[in-house]
Amino acid sequence: MAVTLRLLPSARCLFDDLLQVKVSGLRSRQVVALKASSTDDKGVEFRSSATYRADGLGELDLHRDPSLSGSYVGVEPMGLLWSMKADTLHQRFQKTNSLKPNVVRFSVHEVEGRGQGEGRTLAELVAERLMMADGVQRRPVKDGNVRGVLFTPPGPGPYPAVLDLYTFGGGLSEKRAALLAGRGFVVMTVALYGIDDMPKNISEIHLDYFEEAIEFLKKQDKVKRVGLTSLSKSGDLVLSIASFLPNIDATVWINGCSANTVFPLYYKKKQILSVLPFDVSKVVSTESGAFITKNAIPDPAAEENRASLIPIQQASGRFLFVASEDDNNWDSPAFVDEMTQRLRHHGKDNFEVLICRGSGHYLEPPYGPYCASSFHGFLGKPVVWGGQAKSHAAAEVQLWKKIQEFLRAHLSCDSTQEKAKL
């Protein structure tokens with residue numbers, strides 16, 4: 001009997017779809033190695049491998065059967081995906097282009113004598129994990145000063161709308177915006193610099209730019225209410241947008257800071273927030289060559305830092321504060337404590353908190369390779385992001401569901417939302 005490798009419901013799926021990996025046609029109790037590999041948008045290959053034992057019928061089901069050894073152990077249905085690593089240190093899986101699917105090569109291999117070596121290939125399968133669901137429209141935006149990409153679900157709407165500030169560095173990352181559109185949101189992701197006719201670098205940030213982007217988003221036919229999503233540095237940007245600009249109904253803050261960081265913030269040509277200082281002397285080196293920056297940011301609420309503290313008590317919308325317990329970029333849980341205490345002090349309870357146990361800084365849409373360390377744009381060196389691969393992967397699944405629930409609850413529209421189907 002030929003060995004068969006299957007991905008259910010299909011080898012063509014969305015990036016954030018849960019897959020069921022099954023193998024049949026093996027010998028009873030046969031030990032095999034399952035492998036996965038994928039090349040990111042920068043041409044870096046990531047790989048994983050795990051050893052499994054078939055059941056009495058010669059079948060494997062990764063939803064049921066545990067990995068005995070390899071890149072991970074235990075029952076981990078998506079372990080072959082989140083455990084993939086590059087051969088070189090400090091690599092983050094780059095998937096920013098929504099037009100090209102994430103291609104993953106799965107294979108099954110014989111394991112020779114007592115697991116000491118790999119034999120012939122028994123079965124292979126190529127999966128295409130799409131960023132855009134069928135029917136989602138992608139439209140490049142070049143309107144006034146705004147540069148970005150707009151994703152719109154099929155159907156008449158109206159839909160909850162999101163301004164997605166996924167990356168702070170130059171350029172665009174379309175992954176989260178495209179995936180959210182596939183789940184029933186109108187989403188625009190914007191660049192701050194580094195694309196088209198925008199500056200290659202910046203020394204200050206202007207809130208007016210986001211105000212213009214939000215006005216553009218609100219003019220779209222299927223849009224009524226607008227929310228914000230963020231990650232890392234863009235966390236303080238969405239806090240400022242929600243605090244200084246009107247009609248932001250929901251804000252998702254993920255592992256950011258409660259004060260303005262990196263660049264001064266301006267509005268109407270006047271500086272409204274200074275920069276929270278960064279103490280390079282408190283950056284710690286590790287044996288891997290990467291650094292830990294967790295303690296390099298001072299207390300945002302200290303009197304000497306008040307000019308950079310974002311007045312979130314002014315915001316009228318709802319907040320979802322998400323912090324990784326093991327964030328090594330900075331102390332995100334401490335920032336959440338500071339913000340929730342401040343809001344309560346002002347008599348406000350317009351927030352929810354999610355603390356992700358055992359996870360690191362880079363919380364992304366689920367089922368991508370875990371990033372332990374990579375290049376830090378501000379520091380100019382590789383940093384340790386924190387977390388453990390298994391718990392970080394579980395946190396991303398939990399968070400992805402929570403983000404969608406939160407945004408739907410607080411950006412609800414009159415008509416029933418239609419979820420885009422692949």
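Here the structure is a predicted model, which means the values were calculated and not measured. (Residues numbered from 1 in each chain as written. Predicted model: local features only at pLDDT ≥ 70, side-chain atom pairs only at ≥ 80, totals over all residues. Heavy atoms only, no water.)

**Overview of the sheet that holds strand S18 (residues 265–267)**
Rules: Any two strands are treated as partners once DSSP identifies two or more bridges connecting them. Strands are runs of DSSP state E lasting at least two residues, helices are runs of H or I lasting at least four, and both sets are numbered from the N terminus onward.
Spatially, the three strands line up as an open sheet ordered S15-S18-S19, and their pairing is mixed. Edge positions in the sheet fall to strand S15 (205–206) and strand S19 (270–273), since each has one partner strand and no second.

**Quick word on the UniProt feature "active site" (unreviewed entry) in the protein**
Operational definition: UniProt positions are given in the numbering used here, feature names are shortened, and annotations may be inferred rather than shown by experiment. Think of it in three bands: with a 1.4 Å probe and only protein chains considered, a residue is buried below 20% of the maximum accessible area for its type, exposed above 50%, and partly exposed in between. Contacts are assigned to residue pairs with any non-hydrogen atoms lying within 4.5 Å of each other. Pairs of N or O atoms within 3.5 Å make up the polar contacts considered here, provided that, within protein, one atom can donate a hydrogen while the other can accept it, and that residues adjacent in sequence are counted only when both atoms are side-chain atoms.
Using the residue numbers shown here, the UniProt feature "active site" (unreviewed entry) corresponds to Ser232, Asp327 and His361. The annotated residues occupy 130 residues of the chain but converge on a single region, no pair of C-alpha atoms lying more than 10.3 Å apart. In this structure, Asp327 sits in the loop between strand S22 (318–324) and helix H5 (332–345). The exposure class assigned to Asp327 is buried, which follows from its relative accessible area of 0%. For Asp327, the contacting residues outside a window of four places in its chain are Asn255, Lys294, Ser332, Ser359, Gly360, His361 and Trp385. Separated by 2.5 Å, the side chains of Asp327 and Ser332 make a polar contact. Tracing the backbone shows His361 in the loop between strand S23 (351–356) and strand S24 (373–376). Those residues in contact with His361, other than ones at most four positions away along the chain, are Leu231, Ser232, Asn255, Asp327, Asn329, Trp330 and Trp385.

**Some thoughts on the sheet that holds strand S13 (residues 159–164)**
Stated precisely, the cut-off is as follows: The axes are straight lines fitted to the C-alpha atoms, using for helices just the contacting stretch, and the angles between their N-to-C directions are given from 0 to 180°.
If you walk across this open sheet you meet the eight strands as S11-S12-S14-S13-S16-S17-S22-S23, and the pairing is mixed. Two strands bound the open sheet, and with one partner strand each, they are strand S11 (137–143) and S23. When the angles between neighbouring strand axes are averaged without regard to direction, this sheet yields 20 degrees. Here S11 pairs with strand S12 (residues 146–152) via seven bridges, running antiparallel. In the sheet register, Arg139 faces S12, and the bridge partner there is Leu150. Contacting S12, S13, strand S14 (186–190), strand S16 (223–229) and strand S17 (250–254), helix H2 (residues 175–182) crosses the sheet at an angle of about 175 degrees to S14. Each of S16, S17 and S22 is contacted by helix H4 (residues 234–244), which is oriented at about 155 degrees to S17, the strand it contacts most.

**Observations concerning H2**
At 3.6 residues per turn, the α-helix brings residues three or four places apart onto the same side. Among the eight residues of H2, eight are classified as buried, and the element is accordingly described as predominantly covered. The complete set of buried residues in H2 reads Lys175, Arg176, Ala177, Ala178, Leu179, Leu180, Ala181 and Gly182. Taken from the residues just after H2, Gly184 is the one with a positive phi, measuring 100 degrees.

**So, the environment of Phe106**
Here Phe106 lies in strand S9 (residues 102–111). According to the relative accessible area criterion, Phe106 is buried, its value standing at 3%. Taking C-alpha positions, Phe106 is 31 Å from Ala290, a pair spaced 184 residues apart along the chain. Sequence-distant contacts of Phe106, defined by excluding residues within four places in its chain, comprise Leu5, Leu7, Lys35, Ala36, Leu80, Leu81, Ala123, Glu124, Leu125 and Ala127.

**Details of the environment of Pro66**
Its place among the elements puts Pro66 in the loop between strand S6 (60–61) and strand S7 (69–70). Here the alpha-carbon distance between Pro66 and Arg47, two residues 19 residues apart in the chain, equals 19 Å. Excluding residues within four positions of it along the chain, Pro66 makes contact with Thr51, Tyr52, Gly74 and Val75.

**Notes on the nonpolar core**
Side chains that are nonpolar tend, in soluble globular proteins, to be buried together. Rule in force here: What is meant by a nonpolar core is a set of buried Ala, Val, Leu, Ile, Met, Phe, Trp, Tyr and Cys residues, joined one to another through side-chain atoms within 4.5 Å.
In terms of nonpolar packing, the biggest core is built from 56 residues, with Leu163, Met188, Phe210, Ile241, Phe319 and Phe321 touching the most fellow members. Here this core takes seven residues from helix H3 (residues 207–218), the largest share from any one element. Core analysis: the second largest hydrophobic core is formed by 42 residues, Leu130, Val136, Cys371 and Phe406 among them.

**Points about the pairing of S13**
Burial runs high along S13: six of the six residues are buried. Taken together, the five bridges between S13 and S16 define a ladder with parallel strand orientation. Looking at the pairing, Tyr159 lines up with Val223 of S16. Note: S13 against S14, four bridges, orientation parallel. Across the sheet, the residue bridging to Leu163 is Met188, located in S14.

**A word on the confidence of the model for the protein**
For clarity, the cut-off: The score called pLDDT rates the predictor's confidence residue by residue, from a low of 0 to a high of 100.
Here the protein averages 94 in pLDDT, while 96% of its residues score no lower than 70. Every residue in residues 415–422 is under pLDDT 50, and counting partners more than four places away or in other chains gives 27 contacts.

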